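Survey of secondary and tertiary structure
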Protein chains: 2
Amino acid sequence: MSTVPRTILFDGPDPLHLSGGGTLAPVEVAYATYGELAPGRDNAVFIAHALTGDAEAAQWWPTMVGPGRPVDTDRFFVVCANLLGGCRGTTGPSSTDPATGRAWGLDFPLISVADLVTVHRRLLAHLGIERLHAAVGGSLGGMQVLQWAADAPGQIERAVLVAASARLSTQNIALSNIARQAILRDPDFRGGRYPDHGIVPVNGLSVARMLGHVTYVSEPGLEAKFGRSRRDGSTPGFGIDFEIESYLDHQASTFVDRFDALSYLYLSRLLDYFDPFADDAFAAAIRDTRFQLISFDSDWRFGTSHSVLIEKELRRAGVDVERHEIASTWGHDSFLLDPPGYLDLVEGFLNDRTGVVHD
Amino acid sequence: MSTVPRTILFDGPDPLHLSGGGTLAPVEVAYATYGELAPGRDNAVFIAHALTGDAEAAQWWPTMVGPGRPVDTDRFFVVCANLLGGCRGTTGPSSTDPATGRAWGLDFPLISVADLVTVHRRLLAHLGIERLHAAVGGSLGGMQVLQWAADAPGQIERAVLVAASARLSTQNIALSNIARQAILRDPDFRGGRYPDHGIVPVNGLSVARMLGHVTYVSEPGLEAKFGRSRRDGSTPGFGIDFEIESYLDHQASTFVDRFDALSYLYLSRLLDYFDPFADDAFAAAIRDTRFQLISFDSDWRFGTSHSVLIEKELRRAGVDVERHEIASTWGHDSFLLDPPGYLDLVEGFLNDRTGVVHD
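Parameters and conventions
- Residues numbered from 1 in each chain as written.
- Chains lettered and ligands numbered in written order.
- Predicted model: local features only at pLDDT ≥ 70, side-chain atom pairs only at ≥ 80, totals over all residues.
- Heavy atoms only, no water.
- Buried < 20%, exposed > 50% of the residue type's maximum accessible area, 1.4 Å probe, protein only.
- Helix = DSSP H or I, 4+ residues; strand = E, 2+ residues; numbered from the N terminus.
- Pairing = 2+ DSSP bridges.
- Expected span 1.5 Å × (residues − 1).
- Arc of directions from axis to C-beta.
- Contact = heavy atoms within 4.5 Å.
- Axes fitted to C-alpha atoms, helices over the stretch in contact; angles between N-to-C directions.

A short note on the pairing of strand 5 (residues 44-48) of chain A
Residue and element names in this part refer to chain A. The buried fraction of strand 5 is high, at 5 of 5 residues. Alternating positions in strand 5 separate into two faces, Ala44, Phe46 and Ala48 on one and Val45 and Ile47 on the other, with burial throughout. Bridge count for strand 5 against strand 8 (residues 77-81) is 4 bridges, and the pairing is parallel. Residue Val45 lies in a different strand from strand 8, and its bridge partner there is Val78. As judged from the 4 bridges shared by strand 5 and strand 11 (residues 134-138), these two strands associate in the parallel manner. If you follow Ile47 over to strand 11, its bridge partner there is Val136.

Next up, the structure:
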């Protein structure tokens with residue numbers, strides 16, 4: 001568990017009002033900050049994390065966040081918070097429901113990207129920050145930035161959305177559904193009551209992670225890295241034989257130690273329901289935010305077509321937007337890496353050096 | 001269970017010698033025939049089925065097999081057999097091990113595409129057929145036809161491989177591994193002993209099928225058929241809400257009623273290990289067989305690159321081969337459908353009307 005600061009941002013008399021109706025309290029949030037807030041309070045950058053991230057952005061996104069990086073902690077005051085619904089210090093479905101004294105389980109309310117943003121905004125207020133120099137997010141992180149720009153017009157000066165989506169495809173939903181089914185169907189899930197029993201649906205969560213992971217990497221990337229190599233000394237059969245099987249097994253076993261199955265369900269499900277441009281008022285609400293959209297050519301989860309949709313909708317609403325496609329072998333996970341050109345674009349955008357719009 | 005004829009092709013004194021060493025007996029095979037064998041015994045066509053098919057080709061491949069279809073049962077004597085390792089009448093891992101009187105389970109030997117072909121060839125001998133006018137298969141079916149052409153040079157006059165592969169990609173193996181993990185990790189799998197307990201690993205097999213199914217259909221196909229439609233009267237949550245979720249759930253629940261988890265493991269695993277061109281002698285052994293290779297542009301399981309590899313290796317060995325890519329929205333499953341041009345190509349090839357080679 002994270003050792004970053006935690007603060008209760010919503011409680012009984014002042015609960016979190018959820019976008020889908022109802023309230024939630026208490027909401028405690030784990031967050032990390034890097035750098036110093038300038039006297040004019042005009043150098044804050046918020047990092048919104050993806051499905052399984054946490055508050056410690058400089059740890060999981062070292063290419064983007066740190067001294068001399070695009071989100072330069074020598075110049076910017078950087079804030080990142082574990083998401084509502086998460087399991088890395090912020091209130092989520094495995095937290096204690098004060099009404100029962102046991103874990104919320106599936107009684108935790110269904111949450112949306114807008115609810116994540118409401119919590120982020122309250123954290124900013126708690127930190128005494130009114131405006132953001134920028135908000136930056138990859139994947140689900142980018143979706144939060146987009147939602148935020150519409151929910152709080154003008155609060156974000158520069159919005160960087162990397163490998164994000166404003167509308168999951170049918171295939172996206174199908175694959176996420178299968179991952180959730182693996183968890184929901186695991187007998188150790190116990191209808192979401194597993195925290196009461198001190199157990200974890202290890203098998204379901206492992207299968208979910210392995211499947212998710214394959215969608216984060218590209219076919220050519222897997223081919224280049226593993227090919228059809230076999231493990232030394234292994235034999236044909238139903239055990240781990242190919243190197244790719246060993247890799248996925250390792251991904252699964254480290255994941256179940258650090259992530260919670262209920263959080264996986266809640267955060268994965270809100271992706272499916274995110275479809276902000278279905279409401280015409282959404283893009284029209286955005287004011288005084290400039291957008292930078294970046295996608296990767298080998299990303300088959302939220303590839304360039306997803307960024308193109310966002311660009312089209314933003315342009316139609318008269319929003320200032322630039323879009324770039326970066327060549328990278330590493331699929332969706334490229335947003336965490338440094339394929340040529342990518343980090344320079346973000347660095348330029350955060351410093352108001354105009355990028356070239358690629359069509 | 002099929003009501004087609006069954007015959008014991010290998011038994012104690014005459015066991016099946018497996019390509020990986022060892023023997024298996026008894027081997028009973030369920031097979032179907034259509035049409036009449038000509039007096040010259042020169043009109044036989046063998047249909048090799050894919051992972052989850054069965055002997056009744058005219059049922060599951062009605063576009064390809066039947067009166068007036070490319071594999072015209074008014075003219076050809078058509079043979080199809082349930083695969084070794086299957087569960088539709090042919091001996092497989094849930095059949096009884098004569099040594100113990102209970103199901104083989106994971107004591108069933110690991111089998112290969114070559115073993116499936118050995119059984120097919122014995123069936124042909126049993127039926128008094130020496131040469132095939134053609135052998136036709138989609139996916140794993142095509143892989144059997146390829147293996148057969150090398151194992152019995154000259155026995156197949158015309159080989160039709162549709163949406164086949166001679167070497168699974170890393171991503172193919174990764175996704176198949178995840179599907180198998182869902183089965184192997186289901187507590188009801190009981191280390192493969194579930195048949196003894198009269199139970200079925202329903203949850204694992206369901207997740208495996210849902211994942212497999214998504215790889216059989218294309219992203220644009222899913223988008224066109226389901227989009228983001230929701231079921232009438234459903235509500236957001238972790239139940240079945242999107243139409244695609246309902247569809248996958250239906251696919252899973254009908255599959256577990258007709259297919260066996262152990263057969264899924266064995267037949268899926270032999271795909272991973274199939275890599276015939278790794279042996280230089282393989283293609284060199286092929287004689288007097290003309291090949292037709294067909295792929296579909298939206299197939300992301302065994303797409304055109306897989307057919308291109310087969311074409312390249314066959315050409316290098318001087319084998320007569322034509323290759324075609326067909327435009328189709330329906331991904332890998334296109335081989336069971338009738339996208340424009342596809343069936344005409346097969347019909348032409350079976351009747352020695354030269355096709356146009358597409359590059």
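Focus: helix 8 (residues 243-258) of chain A
Spanning 16 residues, helix 8 of chain A covers 23 Å between terminal C-alpha atoms, matching the ideal 22 Å at 1.5 Å per step. Of all the positions in helix 8 of chain A, only Ile244, Glu245, Tyr247, Leu248, Gln251, Ala252, Phe255 and Val256 of chain A are classed as buried. All buried residues of helix 8 of chain A fall inside an arc of 160 degrees around its axis, so they share one side. The inward-facing, buried residues of helix 8 of chain A abut helix 6 (202-216), helix 7 (219-225) and helix 9 (261-273) of chain A together with helix 4 (170-184) and helix 9 (261-273) of chain B.

Details of the sheet that holds strand 5 of chain A
Residue and element names in this part refer to chain A. Taken in spatial order, the 8 strands line up as 1-4-8-5-11-12-13-14 in an open sheet, and their pairing is mixed. Each edge of the open sheet carries a strand with a single partner, namely strand 1 (6-10) and strand 14 (321-326). Strand after strand, the sheet turns through a mean of 25 degrees between neighbouring axes, direction not considered. As defined by bridge partners, strand 4 (residues 27-34) adjoins strand 8 across 4 bridges and the pair is classed as antiparallel. By the bridge assignment, Thr33 is partnered in strand 8 with Val79. Sheet contacts for helix 3 (residues 140-151): strand 5, strand 11, strand 12 (158-162) and strand 13 (290-296); angle to strand 11, the most-contacted strand, approximately 145 degrees.

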